[in-house]
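So the chains spell out like this:
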Amino acid sequence: PSRSGSEDLDVRTGREPPSGWASLQGLTRVPLPVAEGTTSIYATGKEGGVGMMPAGRGLLQWWFDVPWPQSDRPGSVLDWLRQRFEQWGPPMSELLGVISEDEIEPFAHAWHHVPRHIASRRVVLIGDAVHTIPPVFAQGANQSFEDAWVLTRALDATSAVDDALKRYEKERRRKVSFVSRGARLPMLPIYGRVAIGRAKGPLIPGWFCTAAWRANMCACSSTLPLFGGRRGWRPATGPGQTSGGRC
């Protein structure tokens, strides 16, 4: 009997171990100006991170990234959040004043090592099967899209499926390993410490943050280096063509 190849892959089953952090989140209609706009907000501090993203028609996607114990959890999550972020000003304080206890849904952050092999014979791993990572880089969905993009292009480039899967593995494992290692770092506490100086002003200038984030995106992407140049990302010049350059 032939082997499918799945037994050669380090496939994990069941829930991944929690990282000790969680996003306490919700999607609700709130009477706040940010819900009616088109600008998202994410703020960090020693207490954690708070994000707000308008979803249209008065709906707001909001979340609190906080250390989250596996035991001895607070009886009232809302009261716990209000106490933890009591020093924060608007719109975070306003948000905590209008949401309710039953609107809060915990999403535990999880992480696991990227397997040594992500393709074997006719079996290939993509998405969370390869890179279950916390959302601190906002790269979980992005990396899954890139997996599908690279795999599709590899299969389109040759009729030899085994060669295509080897190409996919070579390209994607290196990229997702970089993202996975970075996402394992205590990024939220780091963000909180470097974002505010002694005078409550930014320690890092905006231009540097933009350049650093841009470089990080290029380092973890299989697609951006194809479509970008040093002065910005440009679209393809025509069907099946790229504009060249480096990100």
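Preceding this paragraph is the structure being described.
What you see is a predicted model; the values in this text were computed from it and never measured.

Moving on to the overall build of the protein. Each helix and strand counted, the protein has 8 helices and 9 strands in total. Relative to its 247 residues, the protein shows a buried fraction of 37%. If you take every contact in the protein between residues at least 6 apart in sequence, the share linking residues at least 24 apart comes to 60%. Element-wise, carbon and sulfur atoms account for 55% of the exposed surface of the protein, whose accessible area totals about 14900 Å².

In this section: unusual backbone geometry. Excluding glycine, a negative phi dihedral is what most residues carry, and trans is how most peptide bonds are arranged. Between Pro90 and the following residue, Pro91, the backbone shows a cis peptide bond with an omega angle of 5 degrees. A positive phi angle, close to 55 degrees, is found at Arg57, a residue other than glycine. With respect to the secondary-structure elements, Arg57 resides in the loop between strand S3 (48-56) and strand S4 (59-67).

So, on to the pairing of strand S2 (residues 41-45). Across 5 bridges, the pairing between S2 and S3 is antiparallel. Bridge pairing in S3 places Thr44 opposite Gly49. With antiparallel pairing between neighbouring strands as the criterion, S2 and S3 make up a hairpin whose turn holds 2 residues.

A separate point is the environment of Ala35. In this fold, Ala35 is placed in helix H1 (residues 33-36). Judged by its relative accessible area of 2%, Ala35 is buried. A C-alpha to C-alpha distance of 6.0 Å links Ala35 and Leu59, two positions 24 residues apart in sequence. If near-sequence neighbours (up to four positions away) are discounted, Ala35 is found in contact with Val30, Pro54, Gly58, Leu59 and Leu60.

The subject of this paragraph is the packing of aromatic side chains. Taken as a whole and assessed by the stated rule, the structure comprises 5 aromatic pairs. When the centroid spacing of 5.7 Å and the interplanar angle of 70 degrees are considered together, the rings of Trp68 and Trp80 count as edge-to-face. With Trp68 in the loop between S4 and helix H2 (77-84) and Trp80 in helix H2, this pair connects stretches of sequence that are 12 residues apart. Note on Trp68: relative accessible area 5%, which makes it buried. Between Phe85 and Trp88, the aromatic rings sit 5.0 Å apart at their centres with planes inclined by 80 degrees, giving edge-to-face as the arrangement. Residue Trp88 is classed as buried on the basis of its relative accessible area, which comes to 14%. In this structure an aromatic cluster arises from ring pairing among Trp62, Phe64, Phe85 and Trp88.

Turning our eyes to something else, we now look at the pattern of salt bridges. Per the counting criterion, the structure on display carries 4 salt bridges. A salt bridge links Glu146 to Arg172; its shortest N-O distance comes to 3.6 Å. Placement of Glu146 in helix H4 (residues 140-157) and of Arg172 in helix H5 (residues 161-184) is noted, with a sequence separation of 26 residues between them. Its relative accessible area of 10% is what places Glu146 among the buried residues. The closest approach of N and O atoms between Glu171 and Arg174, which form a salt bridge, is 3.6 Å. Of this pair, Glu171 and Arg174 both sit in helix H5, 3 residues apart, roughly one helical turn. When salt bridges with common partners are traced through the structure, they connect Glu146, Asp147 and Arg172 into a single cluster.

Procedures and definitions
Residues numbered from 1 in each chain as written. Predicted model: local features only at pLDDT ≥ 70, side-chain atom pairs only at ≥ 80, totals over all residues. Heavy atoms only, no water. Helix = DSSP H or I, 4+ residues; strand = E, 2+ residues; numbered from the N terminus. Buried < 20%, exposed > 50% of the residue type's maximum accessible area, 1.4 Å probe, protein only. Contact = heavy atoms within 4.5 Å. Areas by Shrake-Rupley, 256 points an atom, 1.4 Å probe, with all protein chains shown as cover. Pairing = 2+ DSSP bridges. Phe/Tyr/Trp six-rings, centres within 6.5 Å; stacked < 30°, edge-to-face > 60°. Salt bridge = Lys/Arg side-chain N within 4 Å of Asp/Glu carboxyl O.

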